[in-house]
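Summary of structural features
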Amino acid sequence: MSTLVVVGSQWGDEGKGKITDYMAQKADVVVRSQGGNNAGHTIMIDGEKFALRSIPSGIFNPKIKNVMANGMVIDPKQMLEELAGLEARGITNYQLFVSNRAHVVLPYHRELDGAYEAFKGDKKIGTTKKGIGPCYADKINRIGIRIADLIQPEIFKEALHQTLTLKNMELQMLGLEPLQFDPIYDEYVEYGKKIKPFVCDTSLLLEEEIEKGSKVLFEGAQGVMLCVDHGTYPYVTSSSPTGVSVPVNTGIAPRYIDNILGICKAYNTRVGEGPFPTEINGDVATYIRERGHEYGTVTKRPRRVGWLDCVALNYARRISGINYLSLMLFDVLTGLEKIKICYAYELDGKLINTIPATLAEYERCKPVYLEMDGWMEDITNVTSFDELPENAKAYIKKIEELTKTEIVIFSIGPDRKQTIQLKDFFK
Ligand code: GDP
Ligand code: IMO
Ligand code: MG
């Protein structure tokens, strides 16, 4: 058995897509466990850029089985458009399996997402407005519609009737127009027909694959700090993107998880609202944002930028079961004279090393930094750890020391080739 979970260890956009694609070169199965098209995973293959949203990052390799698991919320319209977009770019030979238990994002979810944000005013989350939160809310409230329902027109009709009646009351309460049943039904029944050939019990498929020794890669979306249970609630997404959530989100036994690789930027970013203790503004922030092209893949919003936060990283490691780290966008820091790392917070005059539960406390946390010398040499073409400038090596070693976790991959550019792997997970 050989499985690896790729998990975002910060606030998302750490480079999970790049590493999943890189690792997928040796994998048999790639699984998206949770989230939906709020994710934007960028992959560069020989200079060609792909931004995947809900389709797993193994889609480029015809030999790979790509699984969209039960923990996902799937917008059929967007998913089919994404597939059509890939096909238009020559990605026509792929294997895709969609869980019959995944939940379906419907038009009222998107409407409600926007309406709740407007209702919250200056306390808005800054969601991607893709309907993710309202869809997960329906799942938990047991009024969701699943892929298995969507692909059976009679069942879908009955489920949609009931849910839409309720959702229209909610929409009207929020000052929006109710939605008509017929156009939604007609449109989504067609999507159901198109998706049906991909649908199966992906939990069974995964067990069979793992039992026969296939190499299975789980591609996390979002990041631990956006986890609905353990993140900076309520400024989080509505699923649990941790490594330990993979068994629930995919229907496999926890004993099948071998390793959990935390994907971590060499600094920090965040899109959307919510506390971010190491956030910086000014010239250095602009330098990092421009070099790292830190603009949202999904919403194009400029990402907030900050120094590497090892308190949050350690928290993510602990909560998520991360046992190795992959350090991303390392090249972006080239050219900075000084680089800071946050190793503790000061909260009301005391040093702390974990994340407080309440927003009020977290907002009062001040980062405590150590400062390191930067490097000026271009590192985008190095092929080994030894070739790195001494200060870059020292930076990596310091992060390993602060997180007590080995950095087994470092990434020095967006392309597959710009990846230095020090440990092979799939022998
Ligand atoms: P994900 O959501 O975790 O898959 O990450 P995103 O794709 O949203 O954002 C990561 C961005 O960084 C993408 O534009 C990648 O192409 C880019 N990227 C990934 N690794 C590196 C790297 O090592 N160096 C640079 N310069 N860019 C990288
Ligand atoms: P990937 O997989 C970064 C953020 C949103 C918002 C909050 C809630 O590309 O790393 P949602 O639409 O999920 O209800 O928004 O979560 N968010 C992400 N930030 N990367 C992502 O995914 C994100 N998915 C959601 O910006 O702050
Ligand atoms: Mg992203």
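Keep in mind that what you see is a predicted model, and the values were worked out from it rather than measured. (Residues numbered from 1 in each chain as written. Chains lettered and ligands numbered in written order. Predicted model: local features only at pLDDT ≥ 70, side-chain atom pairs only at ≥ 80, totals over all residues. Heavy atoms only, no water.)

**Brief notes about the sheet that holds strand E14 (residues 304–306)**
We apply this condition: Two strands qualify as a pair provided that DSSP identifies no fewer than 2 bridges between them. Secondary structure elements follow DSSP: runs of H or I of four or more residues count as helices, runs of E of two or more count as strands, with numbering from the N terminus. Throughout, a residue-residue contact means that at least one pair of heavy atoms, one from each residue, lies within 4.5 Å. In this analysis an axis means a line fitted to C-alpha atoms, helices contributing only their contacting stretch, and an angle means the value between N-to-C directions, from 0 to 180 degrees.
The strand order across the open sheet built from three strands is E12-E14-E13, with neighbouring strands paired in antiparallel fashion. Edge strands, defined here as strands with exactly one partner in the open sheet, are strand E12 (268–270) and strand E13 (279–280). In the sheet, E12 pairs with E14 via three bridges, with the strands oriented antiparallel. Residue asparagine 268 lies in a different strand from E14, and its bridge partner there is glycine 306. Packed onto the sheet, helix H10 (residues 283–291) meets E13 and E14 and runs at close to 110° relative to E14.

**Some words on helix H7 (residues 181–195)**
Here is the rule we go by: Helices are assigned an expected span. That span is 1.5 Å times one less than the residue count. Whether a residue is buried, partly exposed or exposed follows from its accessible area with a 1.4 Å probe, protein chains only, as a fraction of its type maximum: under 20%, in between, or over 50%, in that order. The arc in question is traced by the directions running from the helix axis to the C-beta atoms.
Between the first and last C-alpha of H7 there are 21 Å, a value that for 15 residues agrees with the 21 Å anticipated at 1.5 Å per step. Every buried residue of H7 is accounted for by Phe181, Ile184, Tyr185, Tyr188, Val189, Tyr191, Gly192 and Ile195. What you see down the axis of H7 is that its buried residues fit within an arc of 165°, all on one side. Those residues of H7 that are exposed and angled more than 90 degrees off the buried face are Lys193 and Lys194. Here the buried face of H7 lies against helix H2 (76–88), helix H3 (107–120), helix H5 (147–150), helix H6 (153–173) and strand E9 (199–200).

**Focus on the site of ligand 1**
What counts, and what does not: A molecule or strand has a residue near it when one of that residue's heavy atoms lies within 4 Å. Polar contact is defined as a pair of N or O atoms within 3.5 Å, subject to the rule that within protein one atom must be able to donate a hydrogen and the other to accept it, and that residues adjacent in sequence are counted only when both atoms are side-chain atoms. Amino acid classes used here: Ala, Val, Leu, Ile, Met, Phe, Trp, Tyr, Cys and Pro are nonpolar; Asp, Glu, Lys and Arg are charged; the rest, including Gly, are polar.
With respect to spatial proximity, 19 residues lie near ligand 1, and among them Lys16, Gly17, Thr42, Asp331 and Ser411 are the closest. For ligand 1, an oxygen atom lies 2.8 Å from a polar atom in the backbone of glycine 17. One of the side-chain N or O atoms of threonine 297 is found 3.2 Å from an oxygen atom in ligand 1. For the shell around ligand 1, the elements supplying multiple residues, two or more each, are helix H1 (16–24) and strand E3 (41–45). Counting residues per element, the shell around ligand 1 draws most heavily on H1, at three residues. A per-class count over the shell around ligand 1 returns five nonpolar, eight polar and six charged.

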